[in-house]
Amino acid sequence: MPFSRANGLEIYYEKAGQGPPLMMIHALPFNHDLWRYQVGSFSKAFTVYSVDLRGWGRSAKPRAPFSLRDMGADVLGVLRDEGVKAPAVLMGCSIGSKIALQLACEQPEHV
């Protein structure tokens, strides 16, 4: 099982397909499985990453408070650990879309 440890926590993710990077960020209270059917379609044209945000799914469940910015750093940590150099397409649902928008505004060079 792939885990990113880029930010000091184990962040679970899955990878499928080939092509430009596409990161799928789930809604709460779900996990990466929210994207199961979309991964099947998008992995025909993209390298798809679906992540379990910290506190959810198979990722670490920290007891200390954390923010959307921390979760965004975890998303970027997965991409860094995978060696992704090109900007990634971000796809989010609910809180996942907030994280995607925050990353696009604060770190546009990555997305």
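Provided above is the structure to which this section pertains.
In this text the structure is predicted, and so the values were computed from the model without any measurement. (Residues numbered from 1 in each chain as written. Predicted model: local features only at pLDDT ≥ 70, side-chain atom pairs only at ≥ 80, totals over all residues. Heavy atoms only, no water.)

Asker: Would you mind going over the state of the cysteines with me for this structure?
Answerer: Among covalent bonds in proteins, the disulfide is the one between the sulfur atoms of two cysteines. This model, assessed by the stated rule, comprises 0 disulfides. Of all cysteine sulfurs, the one in Cys105 lies closest to Cys93, which takes part in no disulfide; the gap is 19 Å. In this structure Cys105 comes out as exposed when scored by relative accessible area, which is 66%. (Disulfide = S-S within 2.5 Å. Buried < 20%, exposed > 50% of the residue type's maximum accessible area, 1.4 Å probe, protein only.)

Asker: So what exactly am I meant to see when it comes to the environment of Gly19 here?
Answerer: In this structure, Gly19 sits in the loop between strand 2 (11-16) and strand 3 (21-25). Sequence separation between Gly19 and Thr47 is 28 residues; the distance between their C-alpha atoms is 5.0 Å. Not counting chain neighbours up to four residues away, the residues in contact with Gly19 comprise Ala45, Phe46 and Thr47. (Helix = DSSP H or I, 4+ residues; strand = E, 2+ residues; numbered from the N terminus. Contact = heavy atoms within 4.5 Å.)

Asker: Honestly, the packing of aromatic side chains in this entry has me stumped. Any pointers?
Answerer: Any pair of aromatic rings gets described here by the distance separating the centres and the angle formed by the planes. Tallied over the entire structure, the rule returns 2 aromatic pairs. An angle of 55° between the planes, with centres 6.3 Å apart, marks the rings of Phe42 and Phe46 as tilted. Relative accessible area serves as the criterion here: at 30%, Phe42 is assigned to the partly exposed category. Exposure remark for Phe46: the relative accessible area of 22% places this residue in the partly exposed category. The aromatic ring of Phe66 is capped on one face by Arg54, whose charged end is 5.6 Å from the ring centroid. The ring of Tyr12 is capped by Arg58, whose NZ or CZ atom sits 4.7 Å from the centre of that ring. (Phe/Tyr/Trp six-rings, centres within 6.5 Å; stacked < 30°, edge-to-face > 60°. Lys NZ or Arg CZ within 6 Å of the ring centre and 35° of its normal.)

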